[in-house]
Amino acid sequence: MLEMTREEFEELVAEALDRIPPELTRLMDNVAVFVEDEPPADDPELLGLYEGTPLTERGEWYAGVLPDRITIYRGPTLRMCETREDVVAESEVTVVHEIAHHFGIDDERLHALGYG
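Counting of residues starts from 1 at the beginning of each chain's written sequence and follows it residue by residue. Two thresholds apply to this predicted model, a pLDDT of at least 70 for residue-level local features and 80 or more for giving and counting side-chain atom pairs, whereas whole-chain, interface and lining totals are computed over all residues. Note that the side-chain values use all heavy atoms of the structure and ignore hydrogens as well as water.

Where an unreviewed UniProt entry is consulted, the protein appears under the name Metallopeptidase family protein, with the organism given as Streptomyces lycii.

Laid out in structure tokens, this is it:
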């Protein structure tokens, strides 16, 4: 398994977030991004997870709720990657994939766009 500290991995995730076009990040609303070492035990290969209410499903009822949560998992990413460059690329794809869920884009469309 490729070795990388949590701090190094968090930095790569932050850099991936910085590469999201500003016109999209300005549209993101009430969402927080986290890095965790491992995903839930029932899905050990999960690279990222979006939990919340997509922007496309929010209505007038949406107020005073906790932020949506995007979690990027370090362990599975490092286990599937062979080089640091692979980790950079995979973390960027995962970040874009989970942010797309925030915008209401489903897995089928993401796979068609190459962000599966």
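Student: Help me out: how do you make sense of the packing of helix H1 (residues 6-18) against helix H4 (residues 84-102) in this one?
Tutor: A packed helix pair is summarised by two numbers, namely the angle formed by the two axes and the spacing between the axes. Lines fitted to the C-alpha atoms define the axes, with helices restricted to the stretch that makes contact. Angles between their N-to-C directions range from 0 to 180 degrees. For the purposes of this entry, the term helix denotes a DSSP run of H or I that reaches at least four residues, the term strand denotes a run of E that reaches at least two, and both are numbered from the N terminus. At a closest axis distance of 9 Å, the pairing of H1 and H4 adopts a crossing angle of 55°. As summarised for this structure, H1 and H4 are arranged oblique, according to the angle between their axes. In terms of crossing hand, the pair formed by H1 and H4 is right-handed. Contact residues: H1 offers Phe9, Leu12, Val13, Ala16 and Leu17, while H4 offers Arg84, Val87, Val88, Ser91, Glu92, Val95 and Ile99. Ten residue types, Ala, Val, Leu, Ile, Met, Phe, Trp, Tyr, Cys and Pro, are classed as nonpolar, four, Asp, Glu, Lys and Arg, as charged, and the remainder, Gly among them, as polar. The class makeup of the residues in the contact of H1 with H4 is nine nonpolar, one polar and two charged. Roughly parallel here means an angle under 35 degrees, roughly antiparallel means over 145, roughly perpendicular means 65 to 115, and every remaining angle is called oblique. Crossing handedness: left-handed means the near helix sits turned counterclockwise from the far one by under a right angle, and right-handed means the same turn made clockwise. Contact criterion: two residues are considered in contact whenever any of their non-hydrogen atoms come within 4.5 Å of each other.

Student: Got a minute to help me understand H4 in this structure?
Tutor: Because an α-helix completes one turn every 3.6 residues, residues spaced three or four positions apart along the sequence face the same direction. Over its 19 residues, H4 runs 27 Å from end to end, which matches the ideal 27 Å to within 8%, given 1.5 Å per residue. Summary of the burial criterion: residues with accessible area below 20% of their type's maximum are buried, those above 50% are exposed, and those between are partly exposed, where the area comes from a 1.4 Å probe applied to protein chains only. Within H4, burial applies to Val87, Ser91, Thr94, Val95, His97, Glu98, Ile99, Ala100, His101 and His102. In this fold, the buried residues of H4 make contact with H1, strand S1 (31-36), strand S2 (48-51), strand S3 (68-73), helix H3 (74-80) and helix H5 (107-112). Just downstream of H4, Gly104 is the residue with a positive phi angle, here 90°. The length a helix should cover is 1.5 Å for every residue beyond the first.

Student: When you look at the side chain of His102 in this model, what are you seeing that I'm missing?
Tutor: The residue His102 is located in helix H4 in this model. Nitrogen and oxygen atoms within 3.5 Å of one another constitute a polar contact, given that in protein one can donate a hydrogen and the other can accept it, and given that sequence-neighbouring residues count only through two side-chain atoms. Within the local environment of His102, its side chain forms a polar contact with the backbone nitrogen of Asp29, the two atoms lying 3.2 Å apart. Each residue touching His102, except ones within four places of it in the same chain, is listed here: Met28, Asp29, Val31, Tyr50, Pro54, Leu55, Arg58 and Asp68.

Student: Explain unusual backbone geometry to me, please; I cannot follow it from the model alone.
Tutor: Negative phi is the rule for most residues except glycine; trans is the rule for most peptide bonds. For Asn30, which is not glycine, the phi torsion reads 60° and is therefore positive. With respect to the helices and strands, Asn30 occurs in the loop between helix H2 (22-25) and S1. On the basis of relative accessibility, which here comes to 27%, the residue Asn30 falls in the partly exposed class.

Student: Mind showing me how you'd approach the sheet that holds S1 here?
Tutor: Two modes of strand pairing occur in sheets, parallel and antiparallel, and in both the strands are linked by backbone hydrogen bonds. In space, the three strands of this open sheet follow the order S1-S3-S2, with mixed pairing throughout. One side of each edge strand has no neighbouring strand; the edge strands of this open sheet are S1 and S2. Going across the sheet, the axis of each strand differs from the next one's by a mean of 15°, ignoring polarity. As judged from the four bridges shared by S2 and S3, these two strands associate in the antiparallel manner. Counted as the bridge partner of Leu49 is Thr71 from S3. DSSP bridges decide pairing: two strands pair if at least two such bridges lie between them.

Student: Is there a simple way to explain the nonpolar core in this structure?
Tutor: In summary, soluble globular proteins display a tendency toward joint burial of nonpolar side chains. Formed by 17 residues in total, the largest nonpolar core has its most connected members in Met4, Phe9, Val13, Ile72, Val87, Val95 and Ile99. Contributions of two or more residues to this core are made by H1, S3 and H4. Discounting chain neighbours no more than four positions away, the residues touching Ile99 are Leu17, Ile20, Met28 and Ile70. What makes a nonpolar core is a set of buried Ala, Val, Leu, Ile, Met, Phe, Trp, Tyr and Cys residues whose side-chain atoms join them at distances within 4.5 Å.

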